[in-house]
Amino acid sequence: MTAARDMTPLLTVENLVAGYGDQTVLDGVSLTANVGEILVVLGATGSGKSTLLRCLVGLVQPRSGRVLIRGRDITHASRTEREAILRDVGLAFQDAALLNSMTAAENVALPIVEHWHVDEPTALMLARMRLASVGLAGAGEKMPSELSGGMRKRAGIARAMALEPPLLLLDEPSAGLDPTTARALDELILGFKARGNMGVVCVTHELGSINTIADRAVMLARGHVIASGTLEEVRATPDERVRAFFERQLVHGEKRASVADELAWTK
Amino acid sequence: MAVPATLGADADRAFRQDVLRHGAGTTVVLDCAPLARLDALGAARLLRVIAEARHAGLDVRLAHLHDDARQLLATVDPAILDEDRPPARRNPFEAIGETSLGAAGAAVSVARLVRDTAASAAMPFGRDGIKWDRTLQQMSLVGASAVPIVVFMSLLIGVVLSLNGAQQLRQFGAAIFIANLVGISMTREMGPLITAIIVAGRTGSAIAAEIGTMKISEEIDAMRTMALDPIRFLVVPKVVALLLMLPLLTVLSNVAGIGGGYLVGVFFLDLGSNAYLSQTVQALFISDVLTGLVKSAVFALLIGVVGAYRGFSVRGGPEAVGRATTSAVVTAIIACIMADACFTAFFYFTE
């Protein structure tokens, strides 16, 4: 591997403009993500975070701009090229999006069988190992409907990691989870970073997760990047929306903590 | 006309009737001065009247609206206060044009789906070929499970055809020709069509429901992000299973239908078993059976692709899956009957 290859960002987004019908959801978004770091994309509901994620994997075709994954343009790629590029990306959906007609292990084994062309028993064995690595040892034979919300998210992450992609995309991994499960997921994400050979882009608005995992952050508001840099740099941005986001999250966090304390005390 | 001071249930009903009594194109000015106070329920009633009147083609304008009331109405729909917009009702030509464009768009999408399905199925074997394990599973669902209902329905159709024919043919002492009537009708028309209608109801709806449910739960998107082609995984096995099983079911339907005619001919009309069977064999040409089988293959393609198209078109929640399922069955049946009419016309003029 050459030094020049190492300098190529894992993910480059250039002037991305995207939307649905007449509505523009992303308006000139640019960002980069590198190997060995966790980039957090944050913003309020409706700011365009999920649309950005869908553009990154070609589910939404942008009106202009481009997305480069390891230097390869996915926005203008043919179907075959896009499929090749996507093998370098794992996306864990907010609601996991596991195939409901398959067990958790079969879900994880599916991309392994199709892309690594290994026989199904071997792929299932590997899938169980992937599930064990996200704390789901022994849950491989369960159907998605038999898993809890946190377990489904973990299984979704295991499937996204099935082919050991260098780029992992996570859509609201800790949304709707209790604090303990959310913390465990944060640790899991930090574990991916510790491998040193991959990068993570995590879309979230959970301040607890942001504080724990973010190396760098990009904040979106109404389809524009209004702040980017390290978390401290983002916090220090003199933009009312950034300040409001962090303060409101803090107030909510404190309220949640005080309610939790109260409940614990009454018990 | 004046808006009542309070928009209670009775006042609202009378007010609505008064407003809607005006013909399309009329400008109706609603004088809101009497509205001393407008609560949420009153605002909802007023908005409903305005929306219905505009839908009916009336030009509704609001006069003397208090600021508080204006603000309340604007929270629900700011556009409702836009008095210069054209009436909501489209003229019939616009409606016809819009429907035609929608139908043309759907036809193009179905054609693309056929092309993609054919491209995915072009390489039947090998690593990137047809998923035969899934196809066999679908063949069992499409074919084996449908055998009892297809046989039962076709038997009854055979009985009905022969009983109806018997009433007429007996008058001329030509009851034996019921064998011709049933044999030719079943193999050329009724067998393929009845089987297609049953399979459209069972399998077309199942295809739309399965793909639609996967669409709203983001499973299709998940497959795409894993670089797995949903057409190859979901559509090709179902269409191939239909293409293989529908002709077989049609053969069973033909046999069952002729069997129904045989029962009536032998046990009700006393035609004699050998006479009935030999008359059937004499009446039928191999081309009759082959015509039916060609039709059934086309029906199979239509049912599979229309079901898949309706499934992929699902937007929204579970109720959209229900609608897609219904429209998959209706569209598939219409498409099959239209194709059947084309085939029949073609064979009539070419033979």
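Residues numbered from 1 in each chain as written. Chains lettered and ligands numbered in written order. Predicted model: local features only at pLDDT ≥ 70, side-chain atom pairs only at ≥ 80, totals over all residues.

Some words on the overall build of chain A
Each helix and strand counted, chain A has ten helices and ten strands in total. Within chain A, the fraction of its 267 residues that count as buried is 43%. Long-range contacts, defined as pairs at least 24 residues apart, comprise 64% of the intrachain contacts of chain A with a sequence gap of at least 6. (Helix = DSSP H or I, 4+ residues; strand = E, 2+ residues; numbered from the N terminus. Buried ≥ 20, exposed ≤ 12 C-beta atoms within 10 Å, placed from the backbone. Contact = placed C-beta atoms within 7 Å.)

Comments concerning the overall build of chain B
Per the secondary structure count, chain B includes twelve helices and two strands. Counting from the amino terminus, helix and strand elements in chain B follow one another as α-β-α-β-α-α-α-α-α-α-α-α-α-α. Against the compact-globule benchmark of 20 Å for 351 residues, chain B has a radius of gyration of 30 Å, which places it well outside the compact range. For chain B, the spread of C-alpha atoms along the three principal axes comes to 90 × 65 × 35 Å. In chain B, which comprises 351 residues, the share counted as buried stands at 36%. (Rg over C-alpha atoms; globule rule 2.2 N^0.38 Å.)

What to know about the sheet that holds strand β2 (residues 23-33) of chain A
Residues and elements named next belong to chain A. Read across the sheet, four strands follow the order β2-β1-β4-β5 without closing on themselves; strand pairing throughout is antiparallel. Only two strands of the sheet have a single partner each, and these edge strands are β2 and β5 (72-73). Along the sheet face, helix α2 (residues 49-56) touches β1 (11-20), β2 and β4 (64-69) and points at about 65° away from the line of β2. (Pairing = 2+ DSSP bridges. Axes fitted to C-alpha atoms, helices over the stretch in contact; angles between N-to-C directions.)

Observations regarding the pairing of β1(A)
The side chains of a regular strand alternate between the sheet's two faces. Residues and elements named next belong to chain A. One ladder, built from eight bridges, connects β1 with β2; its direction is antiparallel. Across the sheet, residue T12 finds its bridge partner in β2, namely T32. Linking β1 to β2, which pair antiparallel, is a turn of two residues; within it G21 sits at a positive phi near 60°. In this sheet, β4 lies alongside β1 in antiparallel orientation, the contact comprising five bridges. Within β4, the residue paired with T12 across the bridge is L68.

Points about the interface of chain B and chain A
Opposite the eleven residues of chain B that make contact, chain A presents 16 residues. A per-class count over the side of chain B that touches chain A returns four nonpolar, two polar and five charged. (Nonpolar A, V, L, I, M, F, W, Y, C, P; charged D, E, K, R; others polar.)

Remarks on the sheet that holds strand β9 (residues 216-221) of chain A
Residues and elements named next belong to chain A. The strand order across the open sheet formed by six strands is β6-β7-β8-β3-β9-β10, and the pairing between neighbours is mixed. With one partner strand each, in any of the chains shown, β6 (89-92) and β10 (224-229) form the two edges of the open sheet. For this sheet, the mean angle separating the axes of adjacent strands, direction not counted, is 15°. Relative to strand β8 (residues 199-203), strand β7 (residues 167-171) runs parallel, the two being bridged by five bridges. Residue pairing in the sheet places D171 in a bridge with V203 of β8. On the sheet, α2 packs against β3 (38-43), β7, β8 and β9 and is oriented at approximately 150° with respect to β7.

Looking at the confidence of the model for chain A
All names here are of chain A. Chain-level pLDDT for chain A is 84 on average; 90% of the residues reach the 70-or-more range. Between residues 1-5, whose pLDDT stays under 50, and residues either more than four places distant or in other chains, the model counts one contact. Between residues 253-267, whose pLDDT stays under 50, and residues either more than four places distant or in other chains, the model counts two contacts. (pLDDT = per-residue confidence, 0-100.)

Concerning helix α6 (residues 149-160) of chain A
Residue and element names in this part refer to chain A. Counted at 1.5 Å a residue, the expected span for α6 with its twelve residues is 16 Å, and the 17 Å between its end C-alpha atoms agrees. Counting buried residues in α6 gives eleven out of twelve residues, a clear majority hidden from the surface. All of the buried residues along α6 are G150, M151, R152, K153, R154, A155, G156, I157, A158, R159 and A160. (Expected span 1.5 Å × (residues − 1).)

A look at helix α4 (residues 104-116) of chain A
Because each turn of an α-helix spans 3.6 residues, side chains separated by three or four positions end up pointing in the same direction. Residue and element names in this part refer to chain A. The terminal C-alpha atoms of α4 lie 19 Å apart, and with 13 residues this matches the ideal 18 Å at 1.5 Å per residue to within 8%. Taken as a whole, α4 carries its principal kink of about 25° at L110; the proline P111 stands between one and four residues after it. Among all positions of α4, only A104, A105, N107, V108, A109, L110, P111, I112 and E114 are buried. If you follow the buried residues of α4, they end up packed against α5 (120-133) and α6. Looking one or two residues beyond α4, the residue adopting positive phi is H117, at roughly 55°. (Bend = angle between axes of the 7 residues up to and from the residue.)

Some details on the nonpolar core
If you look at the biggest cluster of nonpolar residues, it comprises 138 residues, and the most contacted ones within it are V40(A), L131(A), L169(A), I303(B) and A332(B). Here this core gets 14 residues from one element, more than from any other, and that element is helix α7 (residues 178-216) of chain B. Setting aside chain neighbours within four positions, we find V40(A) in contact with C202(A), T204(A), I210(A), I213(A), A214(A) and A217(A). (Core = buried A, V, L, I, M, F, W, Y, C linked by C-beta atoms within 7 Å.)

Digging into unusual backbone geometry
Residues and elements named next belong to chain A. The phi dihedral of A96 is positive, around 75°, even though this residue is not glycine. Residue classification places A96 among the buried residues on the basis of 27 C-beta atoms within 10 Å. Backbone geometry places A97, a non-glycine residue, at a positive phi of 55°. For A97, the location among the structural elements is in the loop between β6 and α4.

Some words on the packing of α7(B) against helix α9 (residues 230-267) of chain B
Residue and element names in this part refer to chain B. Close contact between α7 and α9 brings their axes to 7 Å; oriented N to C, the two are set at 145°. When you trace α7 past α9, the crossing you get is right-handed. Class assignment for the residues of the contact of α7 with α9 results in 16 nonpolar, eleven polar and one charged. (Left-handed = near helix turned anticlockwise from the far one by under 90°.)

Points about the environment of R87(A)
Topologically, R87(A) is positioned in the loop between α3 (79-86) and β6. Sequence separation between R87(A) and E164(A) is 77 residues, and the spatial gap between their C-alpha atoms is 9.0 Å.

Thoughts on the environment of L242(B)
All names here are of chain B. The residue L242 is located in helix α9 in this model. The spacing of L242 and R127 is 115 residues in sequence and 22 Å in space, taken between C-alpha atoms. Ignoring any residue separated from it by four or fewer positions in sequence, one finds L242 in contact with V142, T203, A300, I303 and G304.

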